[in-house]
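Here is what each chain is made of, one letter per residue.
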Amino acid sequence: MDLTYTEEEEAFRAGLRAWLSRALPQLPPKPDPLDWPGRRAYDTAWQRMLYDAGYAGLHWPEAAGGRGATPTQHLIYLEETEKAGAPYVGANFVGLLHAGPTIAAEGTPGQRARWLPPVLRGDEIWCQGFSEPDAGSDLAALRTRAVRDGDDYVVTGSKIWTSHAEVADWCELLVRTDPDAPKHRGITWLALPMDAPGITVRPLRTLAGSAEFAEVFLDEVRVPVANRVGAENDGWRVTMVTLSFERGTAFVGEVVACRRTLAALAKTAKANGSWDDSAVRRQLGVLNAEFTALWRFTQWNVSEAQRGGGVPGVGGSVFKLRYSHARQELFDTAARVLGPDALDLDRDLTLDRLSSLSYTIAAGTSQIQRNIVAERILGLPKGR
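Throughout what follows, the structure given in this document is the object of discussion. This one's a predicted model, so the numbers in the text were calculated from it and none came from an experiment. (Residues numbered from 1 in each chain as written. Predicted model: local features only at pLDDT ≥ 70, side-chain atom pairs only at ≥ 80, totals over all residues. Heavy atoms only, no water.)

### Brief notes about the nonpolar core
Residues Trp 46, Trp 126 and Phe 291 are the most contacted members of the largest nonpolar core, which totals 66 residues. Dropping the residues within four chain positions of it, Phe 291 is found in contact with Val 255, Cys 258, Arg 259, Tyr 323, Ala 326, Arg 327 and Leu 330. Formed by 24 residues, the second largest nonpolar core is a distinct cluster that contains Trp 36, Ile 125, Val 155 and Ala 165. (Core = buried A, V, L, I, M, F, W, Y, C linked by side-chain atoms within 4.5 Å. Buried < 20%, exposed > 50% of the residue type's maximum accessible area, 1.4 Å probe, protein only. Contact = heavy atoms within 4.5 Å.)

### Here we look at the environment of Glu 220
Mapped onto the elements, Glu 220 comes out in strand β7 (residues 213–224). Classification of Glu 220 as exposed rests on a relative accessible area of 55%. Placed 21 residues apart in sequence, Glu 220 and Ile 199 show a C-alpha to C-alpha distance of 8.7 Å. If sequence neighbours within four positions are ignored, Glu 220 has contacts with Val 154, Val 155 and Thr 156. (Helix = DSSP H or I, 4+ residues; strand = E, 2+ residues; numbered from the N terminus.)

### Description of the pattern of salt bridges
Side chains that differ in sign of charge can pair as their charged atoms come close. Under the criterion given, the structure shown has 18 salt bridges. One salt bridge in this structure joins Asp 52 and Arg 48, with 3.1 Å as the shortest N-O distance. Residue Asp 52 and its partner Arg 48 are both found in helix α2 (residues 36–53); the two are separated by four residues, about one turn of the helix. A salt bridge links Arg 237 to Asp 234; its shortest N-O distance comes to 2.9 Å. For Arg 237, a relative accessible area of 39% gives the class partly exposed. (Salt bridge = Lys/Arg side-chain N within 4 Å of Asp/Glu carboxyl O.)

### Side note on the packing of aromatic side chains
With the rule as written, the count across this model stands at eight aromatic pairs. Judged by centre distance (5.3 Å) and plane angle (45°), the rings of Trp 19 and Tyr 55 are tilted. One end of the pair, Trp 19, is in helix α1 (residues 7–23); the other, Tyr 55, is in the loop between α2 and α3 (71–83), with 36 residues separating them in the sequence. Tyr 55 shares its class with Trp 19; the two are buried. Look at Trp 115 and Trp 170: their rings are 5.5 Å apart centre to centre, the planes differ by 70°, and that puts the pair in the edge-to-face class. Residue Trp 115 is found in helix α5 (residues 109–121), and its partner Trp 170 is found in strand β4 (residues 170–176); the two are separated by 55 residues along the sequence. Aromatic rings pair up to connect Phe 12, Trp 19, Trp 46, Tyr 55 and Tyr 77 into one cluster. One cation-aromatic arrangement involves Arg 39 over Trp 36; the distance from NZ or CZ to the ring centre is 3.9 Å. Over the aromatic face of Tyr 153 sits the side chain of Arg 148, whose NZ or CZ is 5.8 Å from the ring centroid. (Phe/Tyr/Trp six-rings, centres within 6.5 Å; stacked < 30°, edge-to-face > 60°. Lys NZ or Arg CZ within 6 Å of the ring centre and 35° of its normal.)

### Focus on the packing of α2 against α5
Interhelical geometry of α2 versus α5 gives an angle of 100° and a closest axis separation of 7 Å. Between α2 and α5, the crossing angle belongs to the class labelled roughly perpendicular. Taking contact as the criterion, the partners of Thr 44, Gln 47, Arg 48 and Tyr 51 in α2 are, on α5, Val 119, Leu 120 and Arg 121. Partitioned by chemical class, the residues of the contact of α2 with α5 number three nonpolar, two polar and two charged. (Axes fitted to C-alpha atoms, helices over the stretch in contact; angles between N-to-C directions. Parallel < 35°, antiparallel > 145°, perpendicular 65-115°, else oblique. Nonpolar A, V, L, I, M, F, W, Y, C, P; charged D, E, K, R; others polar.)

### Side note on the side chain of His 164
Mapping His 164 onto the fold places it in the loop between β3 (152–159) and β4. The class for His 164 is buried, based on a relative accessible area of 8%.

### Examining the pairing of strand β5 (residues 187–193)
Among the seven residues that make up β5, seven are buried, leaving the element largely enclosed by the rest of the structure. Residues Ile 187, Trp 189, Ala 191 and Pro 193 of β5 are buried on one face, and the alternating residues Thr 188, Leu 190 and Leu 192, pointing to the opposite face, are buried as well. Pairing geometry for β4 and β5, over seven bridges, is antiparallel. Opposite Cys 171, over in β5, you have Leu 192 as the bridge partner. With two bridges connecting them, β5 and strand β8 (residues 228–229) associate as antiparallel partners. Residue pairing across strands places Leu 190 opposite Arg 228, the latter belonging to β8. (Pairing = 2+ DSSP bridges.)

### Observations concerning α5
The periodicity of an α-helix, 3.6 residues per turn, causes residues three or four places apart in sequence to face the same way. With 13 residues, α5 extends 18 Å between its outermost C-alpha atoms, agreeing within 8% with the 18 Å of an ideal straight helix rising 1.5 Å per residue. The largest bend in α5 is about 25°, located at Trp 115, with the proline Pro 117 one to four residues further on. All of the buried residues in α5 are Gln 111, Trp 115, Leu 116, Pro 118, Val 119 and Leu 120. Those residues of α5 that are buried are in contact with α2, α4 (93–106), β1 (126–129), β4, β5 and β8. Phi turns positive, to about 85°, at Gly 122, one or two residues after α5. (Expected span 1.5 Å × (residues − 1). Bend = angle between axes of the 7 residues up to and from the residue.)

### Quick notes on α1
Look at α1: 24 Å from first C-alpha to last across 17 residues, which is about the 24 Å you get at 1.5 Å a residue. Listed as buried for α1 are Glu 9, Phe 12, Arg 13, Leu 16, Trp 19, Leu 20 and Ala 23. Seen from one end, α1 has its buried residues packed into an arc of 135°, which puts them on one side. Exposed and oriented more than 90 degrees from the buried face of α1 are Glu 7, Ala 11, Ser 21 and Arg 22. Buried positions along α1 lie against α2 and α3. (Arc of directions from axis to C-beta.)

### A short note on the pairing of strand β2 (residues 145–149)
Looking along a regular strand, one sees side chains alternate from face to face of the sheet. Of the pairings in the sheet, the one linking β2 to β3 comprises five bridges and is antiparallel in character. Looking across to β3, one finds that Arg 145 is bridged to Thr 156. Here β2 folds back onto β3 in antiparallel fashion, the turn holding two residues, of which Gly 150 has a positive phi close to 65°.

The following block contains the structure:
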């Protein structure tokens, strides 16, 4: 893999930097982290700015409304926006990073025309309705039932850890349409309008005090059959496409953020004297090597996705497995450097440390990722 940049790529970087220098000062102050309606407005306004400037869905195929950028241009975009302190996707996370790409890969022309432009413009927010209270890490054990009734499915059940449900317009929803089929079959992927009658949303508060997750209860909610992405009972395969985006490319911007955090942490260590501790210096060096390697692996994964038609491969599970643990190690080290200040909940590093605890669970637990790596990459037999 060629890691040097062409003149065209450097020109893209320069143009992006120039635009960021003009656009970022126009942003209003960030809303309170607990104000999700305010955060939605802030995040969607930024998304509209990206859209108007031609940077929305940069790496999406042109047929899906994107710019069809190369993997290298996509990585340059992630690197430069993070270095400039530009807003993260925030409430646009599900729509931009996995629901939208899934519809682009698996949806009909009509579905792509209906759902993708509003995602790119920031007009509509999506949430993810995959996990269920009684299924644990076994996504295929879901019980939410969808019964066909004419041109609708009638959906009854519940979801948990539904990201951004309280401000979402749509939900990527997994339902069981054939209860008699083996559990990995009989699943269907639906686009659920969040204003449909029969939906109840109850926010869940995290350790950090935020409420970006929710329980969602569905009581005979009618969803048009036209909202089905993929064939009935083929939802597990479609879901694997969704999860490949979530694990393979959705976290790449955060690697850059972690490298910036690491650099800031080294400066703090030198300022407060903890740099004199050889164990601290050694751990910072190890983390620097970890995140440098993860960034190179990210480049490889994105290039592989491009060669595979835009869908990331199982290498995303290797990345996600190591990244989630490296992130926890980074913020454990931050606590050691900060000392008593690590207990200050007003510090971003403290909140990030609490957030990092979820990364070995979110987007598939580390145990699930190890199974995927063992079975699909190493070819080991399934465990009994």
